[in-house]
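Below are the chains, spelled out letter by letter.
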Amino acid sequence: MSEERGGMADYVQTGSVRPAAGDRPDAVARLDETAEALTDLHAALTGEESLDDALQRVAELAIRAVPDADAVTVSVVTSEQSHTAAATDRALVKLEDAQYSAGRGPCLESARTLTPVRAVIGEHEDQWPEFETAAAAAGVRAYLSVPVILPASDDAEARHLGTLTIYSQTAAAFDPFDEGLLRLFTTAACATITNAQRWTRSRDQVKHLERAIESRAVIEQAKGVLMAVHACTADEAFRILVEQSQRANTKLRDVAGQLLESLKRS
């Protein structure tokens, strides 16, 4: 966001720093842009995507959903920690870090109130001085933050994930209609996010199952070796492995694997 496409001339000079009245793009044209972004978002659903990749794709398509949006970030906000999970302009990560460090700013306010926050730089100097200073330095003139709330499902209640924020170099960039468009896009984007989370959980469960099967096979082989060497039963062989595991404070699978490796070397 190094080039400025606006500036102080865009502001009302008396009283409020709200942008001077100007013509926004036609509402139908704006709706068409959002519809195209949503179509591309739906078409890109693969079912095999990590959460970070999904959030980055949401950010890249959100920049097309609202006219005059020059950059987009997605912040994951929790009670323990907040971080920027996706950004179309990495320079804005520093801008968001200023909010996290100070514990205040539009994306955190949107997360706290679960409502959109739309403003022009200069309107909240007393409320969010750290953010306002960093935003002005980055060439930001206006911003719009919308909460990302994942819908309820059969096995989970609706929950807040974070905030999607669009930034512009133009002070007159966003109005209430743009706010509605971004909320529409964000609601639809939740399907992408939910899909990514489900795929991640499924992948982790498969990996866990694969490790369990591999461990079972190694342990069974080690039991067979002990049964042959000590002429003992399967239960007795298993007990020998367990006792060795406890003495060495080592996982049972690792004890079994070490036994098999020692046989290969002998």
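Per chain, residues are indexed from 1 in the order of the written sequence. pLDDT decides what is reported in this predicted model: residues at 70 or higher carry local features, side-chain atom pairs at 80 or more are listed and counted, and totals for whole chains, interfaces and linings draw on all residues regardless. To get the side-chain values, all heavy atoms of the structure are used, and hydrogens and water are removed first.

> Hey, could you go over unusual backbone geometry for me, with residue numbers and the actual values?
For residues other than glycine, phi is negative in most cases, and the peptide bonds are mostly trans. At L114, a residue that is not glycine, the phi angle is positive and equals roughly 55°. Here a strand is any run of E in DSSP of at least two residues, a helix any run of H or I of at least four, and the numbering for each starts at the N terminus. Along the chain, L114 falls in the loop between α4 (106–113) and β3 (117–120). Even without being glycine, N249 reaches a positive phi, approximately 55°. Within the secondary structure, N249 is located in the loop between α7 (234–248) and α8 (252–265).

> Describe the pattern of salt bridges, with residues and values.
Any carboxyl oxygen of Asp or Glu that lies within 4 Å of a side-chain nitrogen of Lys or Arg is treated as forming a salt bridge with it. Counted under the stated rule, the structure contains four salt bridges. Note that R104 is salt-bridged to E130, the shortest N-O span being 2.7 Å. Taken as a pair, R104 in the loop between α3 (92–102) and α4 and E130 in helix α5 (residues 129–137) lie far apart in primary sequence, 26 residues in all. Buried residues are those whose accessible area, probed at 1.4 Å on protein chains only, stays under 20% of the maximum for their type, while exposed residues exceed 50% and partly exposed ones sit between those limits. On the basis of relative accessibility, which here comes to 30%, the residue E130 falls in the partly exposed class.

> Let's hear about helix α2 (residues 51–62): which residues, and what values?
By this rule, a helix spans an expected 1.5 Å times one less than how many residues it contains. The end-to-end C-alpha distance of α2, which contains twelve residues, comes to 16 Å, matching closely the 16 Å that a straight helix rising 1.5 Å per residue would cover. Listing the buried residues of α2 in full gives A54, L55, R57, V58, A59, L61 and A62.

> Could you give an account of the nonpolar core, naming the residues involved and the relevant values?
Joining through side-chain atoms within 4.5 Å is the link that ties buried Ala, Val, Leu, Ile, Met, Phe, Trp, Tyr and Cys residues into a set, and such a set is a nonpolar core. Counting 28 residues, the largest nonpolar core has L55, V66, L164, I166, F174, L182 and F185 as the members making the most contacts within it. Of all elements in the fold, only α2, β1 (71–77), β2 (82–87), β4 (142–150), β5 (159–168) and α6 (176–230) reach the threshold of two or more residues within this core. Here a residue-residue contact requires only that any non-hydrogen atoms of the pair lie within 4.5 Å. The contacts of I166, once residues within four sequence positions are left out, are V66, A69, A71, V72, A142, Y143, L144, F174 and L182. Membership of the second largest hydrophobic core comes to twelve residues, among which are L95, V117, V140 and Y143.

> I'd like a rundown of the layout of surface pockets, residues and numbers included.
Of the grid points, spaced at 1 Å and generated over the protein atoms alone, those admitting a 1.4 Å probe that cannot get out make up cavities, while open sets with protein on both sides within 12 Å along at least five of seven lines make up pockets; any residue with an atom within 4 Å of a point is treated as lining. Grid points are joined across faces, edges and corners, and a volume is the space filled by probe spheres set on the points. As a volume, the second largest pocket reaches approximately 150 Å³. For the second largest pocket, the full set of lining residues is L114, P116, V146, P147, V148, I149, R183, T186, T187 and C190. Broken down by secondary-structure element, the contributors of at least two residues to the lining of the second largest pocket are β4 and α6. Partitioned by chemical class, the residues of the lining of the second largest pocket number seven nonpolar, two polar and one charged. Here the term charged refers only to Asp, Glu, Lys and Arg, the term nonpolar to Ala, Val, Leu, Ile, Met, Phe, Trp, Tyr, Cys and Pro, and the term polar to all other amino acids, Gly among them.

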